[in-house]
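Chains, contacts and geometry: an overview
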Amino acid sequence: MQDDEVSGAEWLAFDQVTSPTLRTKLMESGLDGRPEPVNASALLHDGGGRYLLHLRDNYPDIWEPGSFALLGGGCEPGDRSLEETVRRELAEEVPGLKIGELEPYAVEVTTGINGLAVPVQVFDGQWRGDPDILDLQEGVLLRWFTPDELPRLRLSPSTNELIRRHAAREAAAGACPAPVSHEAVPIVLGVHLYLEDEQGRVLLGLRHPDSAFAGNTWHFPAGRCAQEPAIACLLRETLEETGLVIDPADVEYAHTVHLVDSPGAQPRIGLVFRARRWTGALEVREPDKCLAWQWWHPDALPERIVAYTRAAIEGIAAGHLYTEMGW
């Protein structure tokens, strides 16, 4: 091949071109040999230091299997722009995830499953919702993480560096929290069971590491209310998770926690009910969600416990009926 001929491979690898004549022709043409991005992803953050990451399926034939990554994907023929690409991908992967303004932030180069370098247009966007209530169609889970939590994740070095660079920029700019809205908003309602044995110990379950909520952390027997009364939900969830049967007449209100993960996020209300009597043998009925049940003394709770679970136990011990967190 002559020096003034340019193959597709050379256009994809300008930095590796050694021919001075070829490099000069590329530079004089105004082109650097780097391909335009055909993939797009969304760097979603809450404006308060947390970043939304997607745990991908552990399939060997996909990019970054079993790793945390940004949401996004490849351009399709009907997409008129890379922003349209990333919005379509978000709608397909997570219906209900509504993002406002998206701004081009950076072009990152990653390695595709075929080993070739793939440029990705990364868009900057803000969202302050609860990922646990979203209907995830692809992957395992969505979760908020701070930059300090990244070292314990399976994450590509480029994504790690991207998030840290963005966080440093936000900190330097003095990012402000979102203004408080006084409009009515939907609230997630959860029910939680407070059980004490004859020694005064509280029943807690160790959540499965891959659980969408509070993985590898201790928590009450609990669930979210569907179109049903709170106590009916509590009794159903308790039976499904533990095998214990509780009479509604033996249930009494114990505590409420009103919380948000961060200012502006979707609020949640956790109702905690006490039952002083039950029947049945305690067992792990949903091993994909809970690994074990164990009784814990309120003064010696496990270190890895859901924060509002600890707050509720401490509130009940102190005779309080209500706790606020995260506001």
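This text follows the structure it describes.
Heads up: these notes are all about the structure in this document. Bear in mind the structure is a predicted one, so any value in this text is a computation, not a measurement. (Residues numbered from 1 in each chain as written. Predicted model: local features only at pLDDT ≥ 70, side-chain atom pairs only at ≥ 80, totals over all residues. Heavy atoms only, no water.)

1. Examining helix α4 (residues 157-173)
The end-to-end C-alpha separation of α4 is 24 Å, in line with the 24 Å expected for 17 residues at 1.5 Å each. Remark: G174 follows α4 within two positions and exhibits a positive phi of approximately 65 degrees. (Helix = DSSP H or I, 4+ residues; strand = E, 2+ residues; numbered from the N terminus. Expected span 1.5 Å × (residues − 1).)

2. Comments concerning the pattern of salt bridges
Scanning the entire structure with this criterion turns up 23 salt bridges. Between R88 and E89 there is a salt bridge; the shortest N-O distance is 3.2 Å. The same class applies to R88 and to E89, which are both buried. Here the salt bridges share partners, and the residues they tie into one network are E76, D79, R88, E89 and E92. (Salt bridge = Lys/Arg side-chain N within 4 Å of Asp/Glu carboxyl O. Buried < 20%, exposed > 50% of the residue type's maximum accessible area, 1.4 Å probe, protein only.)

3. Some points on helix α3 (residues 82-93)
Under the 1.5 Å per step criterion, the end-to-end length of α3 is 16 Å for twelve residues, consistent within 8% with the ideal 16 Å. Buried within α3 we find L82, T85, V86, R88, E89, L90 and E93.

4. Overview of empty space enclosed by the protein
Counted according to the given criterion, the structure contains one cavity of 30 Å³ or more. Volume-wise, the largest cavity comes out at about 50 Å³. Residue lining of the largest cavity: G205, R207, H219, F220, P221, A222, E241, C290 and W293, and that is the complete set. Only β9 (202-207) and β14 (290-296) provide two or more residues apiece to the lining of the largest cavity. Partitioning the lining of the largest cavity into residue classes produces five nonpolar, two polar and two charged. (1 Å grid on protein atoms, 1.4 Å probe; cavity = no way out; pocket = protein on both sides within 12 Å on 5 of 7 lines; lining within 4 Å. Points joined across faces, edges and corners; volume = space filled by probe spheres on them. Nonpolar A, V, L, I, M, F, W, Y, C, P; charged D, E, K, R; others polar.)

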